[in-house]
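Working through the structure, step by step
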Amino acid sequence: MTEPTHARPALFARPAPILFFVAAAVLIDQIVKITVDHYLPLQEAVPVIPMLALYRTYNLGVAFSMLEGMDGWFIVGMRLIIVAFVVWLWYRTAKDRWLAHLGYALIIAGAIGNLIDRFAYGHVIDYILFYTASWSFAVFNLADSFITIGAACVVLDELLLPKKAGR
């Protein structure tokens, strides 16, 4: 009789690797933001390639300047609730769901990176601008990118990866 095969846990389904990854991602995010804040002119586009510029600005809202008019402590509380919810999802997700666990790690890292800004400066430092002659996207940062890519990973996990019976 053959024994049932158990799926190997995804790398970020284990606490140590996810903690290391989140800490490294947050550190990189903060180093970039500190560098941008010290060396990039405020609200002055510095072209990098066509349709991409560095543009330092301060965001009082959440990712991509949403909820900018809301009270700062409301936004901090909302971010803390989101981090707690994503940690809960991470804990509850099957250990073999590597794409979902990667997504949760990215979302947590991005949220923490922006939370640090909010506590340290009272705003989030944004610096990436995509634009054309007649249109521009909201200015964002690496942490916002982590959150967006992480959410896409979670959605792709749900859409593309096979599910076990009973899930």
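Residues numbered from 1 in each chain as written. Predicted model: local features only at pLDDT ≥ 70, side-chain atom pairs only at ≥ 80, totals over all residues. Heavy atoms only, no water.

Going by this rule: UniProt positions are given in the numbering used here, feature names are shortened, and annotations may be inferred rather than shown by experiment.
You'll find the protein entered in an unreviewed UniProt entry as Lipoprotein signal peptidase, with Rhizobium binae given as the organism. The UniProt entry for the protein carries the following text under Catalytic activity (unreviewed entry): "Release of signal peptides from bacterial membrane prolipoproteins. Hydrolyzes -Xaa-Yaa-Zaa-|-(S,diacylglyceryl)Cys-, in which Xaa is hydrophobic (preferably Leu), and Yaa (Ala or Ser) and Zaa (Gly or Ala) have small, neutral side chains." On record in UniProt, under Subcellular location (unreviewed entry), the comment for the protein is "Cell membrane".

1. Some thoughts on the packing of aromatic side chains
Applicable threshold: Centre distance within 6.5 Å is the pairing criterion for rings of Phe, Tyr and Trp, where only the six-membered ring of Trp is used; planes under 30 degrees apart are then read as stacked, over 60 as edge-to-face, and the remainder as tilted. Runs of H or I in DSSP of at least four residues are treated as helices and runs of E of at least two as strands, each being numbered from the N terminus. Exposed residues in this analysis have more than 50% of their type's maximum accessible area, buried residues have under 20%, and partly exposed residues fall in between, with area computed by a 1.4 Å probe over protein chains only.
A full pass over the atoms with the stated rule returns 5 aromatic pairs. Between Phe 85 and Trp 88, the ring centres sit 5.9 Å apart and the planes meet at 25 degrees, which makes this aromatic pair stacked. You can see Phe 85 and its partner Trp 88 sitting in helix α2 (residues 72-92), 3 residues apart, about one turn around the helix. A relative accessible area of 46% places Trp 88 in the partly exposed class. Ring geometry for Phe 130 and Phe 140: centres 5.9 Å apart, planes at 20 degrees, overall stacked. Residue Phe 130 is found in strand β3 (residues 124-130), and its partner Phe 140 is found in the loop between β3 and α4 (142-160); the two are separated by 10 residues along the sequence.

2. What to know about α4
Applied cut-off: Working rule for helices: expected span equals 1.5 Å times residues minus one. Counting of polar contacts relies on pairs of N or O atoms within 3.5 Å, with two restrictions inside protein: one atom must be capable of donating a hydrogen and the other of accepting it, and residues adjacent in sequence are counted only when both atoms are side-chain atoms.
For α4, built from 19 residues, the straight-helix expectation of 27 Å at 1.5 Å per residue is met to within 8% by its first-to-last C-alpha distance of 26 Å. When α4 is considered as a whole, its buried residues turn out to be Ala 143, Asp 144, Ser 145, Phe 146, Gly 150, Cys 153, Val 154 and Asp 157. Backbone nitrogen of Ala 143 and a side-chain oxygen of the N-cap are separated by 2.9 Å at the start of α4; the cap is Asn 141.

3. Thoughts on the pattern of salt bridges
Condition: For this document, the term salt bridge refers to a Lys or Arg side-chain nitrogen within 4 Å of an Asp or Glu carboxyl oxygen.
As enumerated under the stated definition, the model contains 4 salt bridges in all. Asp 29 serves as the salt-bridge partner of Lys 33, at 2.9 Å between the closest nitrogen and oxygen. Here the residue Lys 33 and the residue Asp 29 both occupy positions in helix α1 (residues 15-39), the gap between them amounting to 4 residues, near one helical turn. A residue is classified by how much of its surface remains accessible, and Lys 33, at 0% relative accessible area, is buried.

4. Some words on the environment of Ala 10
Quick note on the threshold: Should any heavy atoms of two residues lie within 4.5 Å, those residues are counted as being in contact.
In this structure, Ala 10 sits in the segment before α1. What makes Ala 10 buried here is its relative accessible area of 7%. For the pair Ala 10 and Asp 96, spaced 86 residues apart in sequence, the C-alpha separation works out to 5.0 Å. Residues within four places of Ala 10 in sequence aside, it is in contact with Lys 95, Asp 96, Arg 97, Trp 98 and His 101.

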